[in-house]
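Below, each chain spelled out in residue letters.
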Amino acid sequence: DGGITQSPKYLFRKEGQNVTLSCEQNLNHDAMYWYRQDPGQGLRLIYYSQIVNDFQKGDIAEGYSVSREKKESFPLTVTSAQKNPTAFYLCASSIVPGGYNEQFFGPGTRLTVL
Amino acid sequence: AQSVTQLGSHVSVSEGALVLLRCNYSSSVPPYLFWYVQYPNQGLQLLLKYTTGATLVKGINGFEAEFKKSETSFHLTKPSAHMSDAAEYFCAVSGSQGGKLIFGQGTELSVKP
């Protein structure tokens, strides 16, 4: 089955630690996205990538970093510079970048800072 | 800039009643509009989308939405609510670059037996 996988489902981090969230897709999609979801705030875009080895900052990129070395993979690192990282993180992909193309979402990773 | 406003953070209906979730958008270019549904602790699933053409769009699970340019609205409806419809619903408009989606704040739908 084609789809998007995110791991782990739950992640706990101590303050001052960097953590990396995994996102893999086997849909052969060019574009991939990372969103952060907080209660009552909808989804906010962190980073997106339209093609391998290229990515752009979204609306709330500070304290996060990404890489896109392979078409299938778009990992997100939450650094110690992110002051309030506790949230639900969603990865998405679309066949090509373009406003008319729907995005397909993974099941999410819930990050909690202890 | 594009934006989305969903009127009502919580909507409660009885089973069998009409579901109406409101979405208004702002866009300086012809919009592409989407409705997604999210069940607790899960990702988002596309319900329906409007790109061009027919303004009444039918989606999965009996939902439909009508694009009204004059009212800048894209409200989601379902004639008869089912208990399984209880979830959070997000309206979104596409951005002007890179396929970015701008999401509304979400509406939580509760269905009473």
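Note: the structure precedes this text.
Residues numbered from 1 in each chain as written. Chains lettered and ligands numbered in written order. Predicted model: local features only at pLDDT ≥ 70, side-chain atom pairs only at ≥ 80, totals over all residues. Heavy atoms only, no water.

**Some thoughts on the interface of chain B and chain A**
Heads up, the rule is: We call two residues in contact when some of their heavy atoms are within 4.5 Å. In short, buried area is how much 1.4 Å probe accessible area vanishes from two parts on joining, totalled over both. The rule for a salt bridge is simple: a side-chain nitrogen of Lys or Arg has to be within 4 Å of a carboxyl oxygen of Asp or Glu. We define a polar contact as two N or O atoms separated by no more than 3.5 Å, with the added condition that, inside protein, one atom must be a possible hydrogen donor and the other a possible acceptor, whereas residues neighbouring each other in sequence contribute only through side-chain atom pairs. Starting at the N terminus, helices and strands are each numbered in turn, a helix being any DSSP run of H or I of at least four residues and a strand any DSSP run of E of at least two. Here the nonpolar group is Ala, Val, Leu, Ile, Met, Phe, Trp, Tyr, Cys and Pro; Asp, Glu, Lys and Arg are the charged ones; every other residue, Gly included, is treated as polar.
Across the contact, 21 residues belong to chain B and 25 residues belong to chain A. Each partner contributes to the roughly 1,800 Å² buried at the junction of chain B and chain A, and carbon and sulfur atoms together form 54% of this total. Put simply, B:Lys49 and A:Glu102 hold a salt bridge, and the shortest N to O gap is 2.6 Å. Summed over the shared surface of chain B and chain A, the number is 5 residue pairs in polar contact (both at pLDDT 80 or more). Listing elements by their share of the side of chain B that touches chain A, those giving two or more residues are β4 (33-38), β5 (44-50), β9 (87-94) and β10 (101-103) of chain B. Of the residues contributing to the side of chain B that touches chain A, the split by class is 8 nonpolar, 11 polar and 2 charged.

**As for unusual backbone geometry**
The peptide bond linking A:Ser7 to A:Pro8 adopts the cis configuration, its omega dihedral lying at -10 degrees. Within the secondary structure, A:Pro8 is located in the loop between β1 (4-7) and β2 (10-13). The phi dihedral of B:Asn41 falls on the positive side, at around 60 degrees, and the residue is not glycine. Along the polypeptide, B:Asn41 turns up in the loop between β4 and β5.

**Details of the state of the cysteines**
Rules: The term disulfide is used for any two cysteine sulfur atoms that are within 2.5 Å. Here the term buried applies to any residue with accessible area under 20% of the maximum for its type, exposed to any over 50%, and partly exposed to those in between, with areas from a 1.4 Å probe on protein chains only.
The tally for this structure, following the rule as stated, stands at 2 disulfides over all chains. Each sulfur of the disulfide joining A:Cys23 and A:Cys91 lies 1.9 Å from the other. Here A:Cys23 and A:Cys91 share a disulfide; its torsion about the S-S bond, -70 degrees, makes the bridge left-handed. Note that A:Cys23 is positioned in strand β3 (residues 19-25) and A:Cys91 in strand β9 (residues 87-94), a separation of 68 residues in sequence. By relative accessible area, A:Cys23 is classed as buried at 0%. Through a disulfide, B:Cys23 is tied to B:Cys91; the S-S separation comes to 2.0 Å. Note on the B:Cys23 and B:Cys91 pair: the S-S dihedral is about -65 degrees, so by sign convention the disulfide is left-handed. With a gap of 68 residues between them, B:Cys23 in strand β3 (residues 19-26) and B:Cys91 in strand β9 connect regions that are remote in the sequence. Each member of the pair, B:Cys23 together with B:Cys91, is buried.

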